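A structural walkthrough
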Amino acid sequence: MLNISIFRRVVIILVVVAGLVYAMPNLFYPRVESHNDAARAIELAGGEATPEQEADLSAWPGWLPSGLVNLGLDLRGGAHLLAEVQVEDVYKQRMDSIWQEVFPVLRDARDIVGTIRRVPTEDSSLRIRIGDTTNIDDAAQLVRALATPVVTITGTGSTNFTVEVDGDEIVVALSDAEKLATDDRTMQQSVEIIRRRVDEVGTREPTIQRQGEDRILIQVPGLGSADELKALIGTTAQLTFQPVVGRTTDAEQVAGPNTVIYPAVDEEGVFYILEDVPVVTGEDLVDAQPSFDTNGRPAVNFRFNPHGARLFGDYTAENVGSPFAIVLDEEVISAPRINEHIPGGSGIITGNFNVEESTNLAVLLRAGALPAEMTFLEERTIGPELGADSIAAGEIASLVAFAGVLIFMALSYGWFGIMANVALILNVGMLFGLLSAIGATLTLPGIAGIVLTIGMAVDANVLVFERIREEIKAKRGPARSIDLGYEKALSAIIDANITTFLTAGILFIMGSGPVKGFAVTLGLGLITSVFTAIFVTRLMVVFWFERRRPKTLEV
Amino acid sequence: MRLRLVPQDTNWDFFSRSYLSLGISGALMVLSIVAFFVFGLNFGIDFRGGTTIRTESAQPVDVGAYRDAMAPLGLGDVSISEVFDPSFGPDQNVAQVRIQAQDGDEAISVETIQAVEDALTSVDPDITFPSVESVGPKVSGELILSAIEAVIAAIATVLVYIWLRFEWQFSLGAVAALVHDVTLTIGVFSLFQIQFDLAIIAALLTIVGYSLNDTVVVFDRVRENLRRFKKLDLKEVLNLSINETLSRTMMTSVTTLLALISLFVLGGDVIRNFVFAMIWGVVVGTYSSVFVASAILFRLGVKRDWSKPDGEAGTQFGKTDP
């Protein structure tokens, strides 16, 4: 029978209305967008609003939903980068700090181990050659005692490094558990630092996501090009302070043990030979501000945290008169002579900067250095005009598709077709509502997904209508025909849509970027179209039937 | 007067020439595979790495001059093609420049892109670059692998689902139809050397979904009729079911095609290949649900004993007896 309880009717109508209300902001896209931007800006400013922001804010009533369908990069234009973080870079730094721990211990045991020397290695292990190998196992034991347990979910009993003996060398290597933990930390830091740098530029809703083991996806809408983005986040901004061993003009000169050769930034053809273990690094910086030196040239003021300040103070006290290099990303910015003990933990970096460069350097130093280098595996720049063209084309195509389907349905099923059409319009509205409510991103293939949904959404209705036709042919009464039509078509509707939904799910899990956007619209479109077909159209048919009570049905 | 795509009461025999239709499908599949191995696929940068630059200018595109300007850069394989679209204005001349992946795992360097842009600007000062996309060989290798995985995963999932909801014969028939559709689509892309990129994989999976949708509707009716007409020949039951659902099959295909064709014509050149794949898939998928899926079901035969309680297990949506 055609009974739908009052309760169900109310629920169905409420769901539809809610869907449409959530979709509504998209009709006023620019206005709602500036409202949202203003709201965010005011919140960031701690409640302070400029008159302009006030105006933007009041352009859209606050009690209405303000969620919008995000436009993907291919529709809005912007820059996309897929970066791979060289997580192994960090292993070497870890080894340096382990060496700093190990060295004093072995030095104190010099009477049993003899001379101690760090052997340069290609991989990320630490090799220590000792003069007297008779007690090498004891020496290894001393080193082993420095290892600390790693806290992991499964890694019971693993320590942060392993120690082995290889001839006259003690080999220290990071344990797998420690490598995993280190990688994880490196990735988190990288994501955080990229976020901070991108936020400084202040664009709307950047996406910064970790992908897989060692990759980061960065999408910034509205940025001119991937190059700009790369310049912003590609700089490691690794600041170190390293003791100077010597100066040379020969880049090919072989660096001695435990030293490195870096070029000078402002002196062409000049290279500095530096000790490879820095005294202090940028990690110990707490602040950096652009400023001017005593000669009025742009410079950057910095301040260390207590740990950095102590290291820096001790070093300067011990090495008055020696030169000291300030190194940024393996280039020597300047190498001043230490004139006196610097106890306060603050200093100034001078170099051949202009004001813009010193400002940028300060920003990069403040945001922190990237713990490791990144290589870029994928980069895409989409111009905003191309995106706008795509939206325009997508809009026209959708409207034409819509009109075509509406006319076709009306011609084929008459009054029932018109009801299906109303349901189809509601369906697309609800789809937009759902997309806005979950903050999904609409991409160009996503628009295709919507158009496909328009085409396929009528399928469930067609199944029902065809069934009703069959029942009418079998000489059943109008009410019975409608009822049976819905009942018998149900299993086909459910099976057919679940199978399509499964493929949409697989697309969502395995796809990336625009393809994912397509999967989302397709999947949500299936949900709304099944809902409209088996509840909304049915309710409309029931309303119509209750008013008219037709003796015969024409479908 | 209603618009009807098929006459009201059809009673066509879809299996009188089932060997012929299966033969044609088989031959087309073989042809597609041959085309795939002979011509290969025209992979986009998603799958083989490299860079595409879209150019736009008020001046007409001069492919030869572009090529000459880029020749000194020594970038290896460079392909330049003009793009046409009805939505372009009269002074909108668009071309696509594709550069092969350079050595190393990474995307192309900033300097190279700059050099290309400078070279093209020297030919045509008005030129702009609405999009520049570059994919390193490392990622493209992974993308192609995950794309193949996705298609196989989709087909496997469907195999299992239909097997649970119907019988294994149905499941084999449906999957044969899917493989048929996917193979023919790849065949067309290979034959016409249409650019095959990540979005086409999405289209392939949608085709899988659509074709399945169609097949399931027919199968659902077959399942119902098998229970209703226990004495009827399998061939009769299949024919009856296909005839009964024919009107719906055509209606849905036509509405979907209407939507897709408008997208094909008006949706812009960026997604045209993607939409083409779907249009082709809808046509092939509609054909295959009748002439491949059902024909295979016919050849395999079905278990007719639906009286066992477990026969009801998968039909909780379908208890329709009045």
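Residues numbered from 1 in each chain as written. Chains lettered and ligands numbered in written order. Predicted model: local features only at pLDDT ≥ 70, side-chain atom pairs only at ≥ 80, totals over all residues.

Observations regarding the overall build of chain B
In terms of helices and strands, chain B carries 10 helices and 6 strands. Principal-axis analysis of the C-alpha atoms gives chain B an extent of 80 × 50 × 35 Å. Here chain B holds 322 residues, and 46% of them are scored as buried. Of the contacts made within chain B by residues no fewer than 6 positions apart, 80% connect residues no fewer than 24 positions apart. (Helix = DSSP H or I, 4+ residues; strand = E, 2+ residues; numbered from the N terminus. Buried ≥ 20, exposed ≤ 12 C-beta atoms within 10 Å, placed from the backbone. Contact = placed C-beta atoms within 7 Å.)

A look at the interface of chain A and chain B
Taken together, the contacts link 63 residues of chain A with 63 residues of chain B. Residue assignment for the side of chain A that touches chain B shows that the elements contributing at least two residues are helix 9 (226–234), strand 18 (374–382), helix 12 (384–437), helix 13 (444–473), helix 14 (478–510) and helix 15 (514–548) of chain A. Here the residues of the side of chain A that touches chain B are counted per class, giving 36 nonpolar, 14 polar and 13 charged. Strand direction decides the pairing type here: strand 18 of chain A and strand 5 (residues 128–135) of chain B, joined by 5 bridges, are antiparallel. Bridge pairing in strand 5 of chain B places glutamate 379 of chain A opposite serine 134 of chain B. (Nonpolar A, V, L, I, M, F, W, Y, C, P; charged D, E, K, R; others polar. Pairing = 2+ DSSP bridges.)

Things to note about the sheet that holds strand 4 (residues 126–130) of chain A
All names here are of chain A. Strand order in the open sheet formed by 4 strands is 3-4-6-5, with antiparallel pairing between adjacent strands. The outermost strands of the open sheet, each flanked by one partner alone, are strand 3 (116–119) and strand 5 (161–166). Across the sheet, the mean angle separating the axes of adjacent strands is 25° when strand polarity is ignored. Bridge analysis of strand 4 against strand 6 (residues 169–174) gives 4 bridges, and the strand direction is antiparallel. Across the sheet, the residue bridging to arginine 127 is valine 171, located in strand 6. Lying on the sheet, helix 5 (residues 88–108) is in contact with strand 3, strand 4, strand 5 and strand 6; it crosses strand 4 at an angle near 25°. Sheet strands in contact with helix 7 (residues 136–144) are strand 4, strand 5 and strand 6, and its direction is about 170° off that of strand 5. (Axes fitted to C-alpha atoms, helices over the stretch in contact; angles between N-to-C directions.)

Observations concerning the nonpolar core
Among the nonpolar cores identified, the biggest contains 228 residues, and Leu365, Val405, Val451 and Ile454 of chain A together with Ile201, Leu204 and Leu205 of chain B are the most heavily contacted of them. It is helix 12 of chain A that provides the largest number of residues to this core, a total of 21 residues. Ignoring any residue separated from it by four or fewer positions in sequence, one finds isoleucine 454 of chain A in contact with Ala401, Phe402, Val405, Leu424 and Val428 of chain A together with Ala259 of chain B. (Core = buried A, V, L, I, M, F, W, Y, C linked by C-beta atoms within 7 Å.)

Examining the sheet that holds strand 2 (residues 78–85) of chain A
With antiparallel pairing, 8 strands are arranged side by side in an open sheet as 7(A)-8(A)-2(A)-18(A)-5(B)-2(B)-4(B)-3(B). Edge strands, defined here as strands with exactly one partner in the open sheet, are strand 7 (207–211) of chain A together with strand 3 (78–83) of chain B. Each adjacent strand pair in this sheet contributes to an overall mean axis angle of 15°, direction not counted. Bridge count between strand 3 of chain B and strand 4 (residues 93–99) of chain B: 6 bridges; the pairing is antiparallel. Bridge assignment links isoleucine 80 of chain B to a residue of strand 4 of chain B, and that residue is valine 97 of chain B. On top of the sheet, helix 9 of chain A reaches strand 2, strand 8 (215–221) and strand 18 of chain A; it is set at about 40° to strand 2 of chain A, its chief contact.

Points about the packing of helix 7 (residues 198–228) of chain B against helix 8 (residues 234–266) of chain B
All names here are of chain B. Where helix 7 meets helix 8, the closest approach of the two axes is 9 Å, and the angle between their N-to-C directions is 135°. With respect to each other, helix 7 and helix 8 are oriented oblique. Regarding helix 7 and helix 8, the two cross each other, and that crossing is right-handed. From helix 7, Asp214, Val217, Val218, Arg221, Val222, Asn225 and Leu226 reach across to helix 8, where they touch Val237, Leu238, Leu240, Ser241, Ile242, Glu244, Thr245, Arg248 and Thr249. Of the residues contributing to the contact of helix 7 with helix 8, the split by class is 8 nonpolar, 4 polar and 4 charged. (Parallel < 35°, antiparallel > 145°, perpendicular 65-115°, else oblique. Left-handed = near helix turned anticlockwise from the far one by under 90°.)

Coordinates in, geometry out; function isn't part of it.
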